[in-house]
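Structural features, examined
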Amino acid sequence: MLSQSQRPPPMTTEPRPANKILSALPHEEYEQLRPKLRDVHFKIGEIIYQPEEAIESVYFINRGICSWLATLEDGNTVEAGMIGPEGGAGVPVLLGASSTPNQGLAQADLLASRISSRDVLTEFRKGGELNRMILRFVHSMFTQVAQTAACNRLHTLDQRLARWLLMTHDRTIGDSCPLTQEFLSRMLGVRRAGVSVAANSLRQNGLIDYHRSDIRILDRKGLEDAACECYEIVRQEYDESH
């Protein structure tokens, strides 16, 4: 019979976070992280990290979306990418950066598992599954950012709005998104009037409905048909990385 000191530690029965990276880690790796994770909540519109400020924490998102915004000198912003439960906000610190020129904004009510940059960097440098999964996530983000740049230059606003709504729908629960036209104009980098015209076009085709600060997807397949190829390219990349 094994003595008390020889017995292996008991397996934790505590449910893992919904984040796809954390939930897929081997037991031993996750147990190294678990005591260092803290649940945090951001309300829609709250700042997760500011441009050029030190990245002190990484946020593995369990629910909701962090918009990764490019910030210009005049204060205007445009969304370069979005991060949901497939990844984490603040990962540039794992690539050797101490800060980022971008802003992280909660696009919807957001729940995350926070860990200090120092602690997650220690585990990342061990070269295990956490390292592999984060690098795959970063590669997926590069694809998303590059495709977003091409989309913003080459495709119509109707197509871009359809793509953006689909990507948001993939990362949220249910068919309703609490989004104002002002918020959408900021994300897409266009005037509010342009968003209004594009949203009305999608509504007239029976793809969405909206009222005040709520947009509801009525026809997911139709919205996919209305979007450009950029949505499918990014979606396939994320599917292959998980």
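Now for a look at the structure at hand. (Residues numbered from 1 in each chain as written. Predicted model: local features only at pLDDT ≥ 70, side-chain atom pairs only at ≥ 80, totals over all residues. Heavy atoms only, no water.)

Digging into the overall build of the protein chain
So the rule is basically this: Runs of H or I in DSSP of at least four residues are treated as helices and runs of E of at least two as strands, each being numbered from the N terminus. Computation of the radius of gyration draws on C-alpha atoms, with the globule rule given as 2.2 Å multiplied by the number of residues to the power 0.38. In this scheme, a residue with accessible area under 20% of its type's maximum is buried, one over 50% is exposed, and one in between is partly exposed, where area comes from a 1.4 Å probe on protein chains only. Only heavy atoms matter for contacts: two residues are in contact if any of them lie within 4.5 Å across the pair. The charge count includes Lys and Arg as positive and Asp and Glu as negative, but it does not include His or the ends of the chains. To locate a charge, the coordinates of NZ of Lys, CZ of Arg, CG of Asp or CD of Glu are taken.
Helix and strand content of the protein chain: 9 helices and 11 strands. What you see for the protein chain is a C-alpha radius of gyration of 19 Å, in line with the 18 Å of a compact globule of 242 residues. Dimensions of the protein chain, computed from the C-alpha atoms along their principal axes, are close to 75 × 40 × 30 Å. Within the protein chain, buried positions represent 46% of all 242 residues. If you take every contact in the protein chain between residues at least 6 apart in sequence, the share linking residues at least 24 apart comes to 74%. If the 27 positive side-chain charges of the protein chain are averaged to one point and the 31 negative ones to another, these points end up 3 Å apart.

A few points about the sheet that holds strand E5 (residues 77-83)
Selection criterion: We treat two strands as partners when DSSP finds at least two bridges between them. Fitted lines through C-alpha atoms serve as axes, helices being fitted only where they are in contact, and the angles separating the N-to-C directions of these axes extend from 0 to 180 degrees.
Pairing within the open sheet is antiparallel, and its 4 strands lie in the order E2-E7-E4-E5. Only two strands of the sheet have a single neighbouring strand rather than two, namely strand E2 (47-49) and E5. Taken pair by pair, the neighbouring strands of this sheet meet at an average axis angle of 35°, ignoring direction. Relative to strand E7 (residues 102-106), strand E4 (residues 66-71) is paired through 5 bridges, and the arrangement is antiparallel. By the bridge assignment for E7, Ala70 is matched with Asn102. Each of E4 and E5 touches helix H4 (residues 129-154); the most contacted strand, E5, lies at about 145° to it.

Overview of the environment of Val78
Position of Val78 among the secondary structure elements: in strand E5. The class of Val78 is partly exposed, set by a relative accessible area of 25%. Those residues in contact with Val78 that lie beyond four places of it in its chain are Trp68, Leu69, Ala70, Arg186, Met187, Leu188 and Gly189.

What about unusual backbone geometry?
In this model, Glu52 sits at a positive phi of 65°, which is unusual for a non-glycine residue. Considering the arrangement of structural elements, one finds Glu52 in the loop between E2 and strand E3 (57-63). Overall, Glu52 belongs to the exposed group, its relative accessible area being 55%.

Some details on the pattern of salt bridges
This is how it is decided: Think of a salt bridge as a Lys or Arg side-chain nitrogen and an Asp or Glu carboxyl oxygen that are within 4 Å of each other.
Counted under the stated rule, the structure contains 11 salt bridges. Measuring nitrogen to oxygen at the nearest pair gives 3.0 Å for the salt bridge that ties Lys221 to Asp225. Taken together, the residues span about one helical turn, with Lys221 and Asp225 both in helix H8 (residues 220-226) at a distance of 4 residues. On the basis of relative accessible area, Lys221 is assigned to the exposed category, the value being 51%. Where Arg235 meets Glu232, a salt bridge forms, and the shortest distance between an N and an O atom there is 2.4 Å. Taken together, the positions of Arg235 and Glu232, both in helix H9 (residues 229-241) and 3 residues apart, correspond to about one turn of that helix. Among the charged side chains, a salt-bridge network with shared partners connects Lys36, Glu123 and Lys126.

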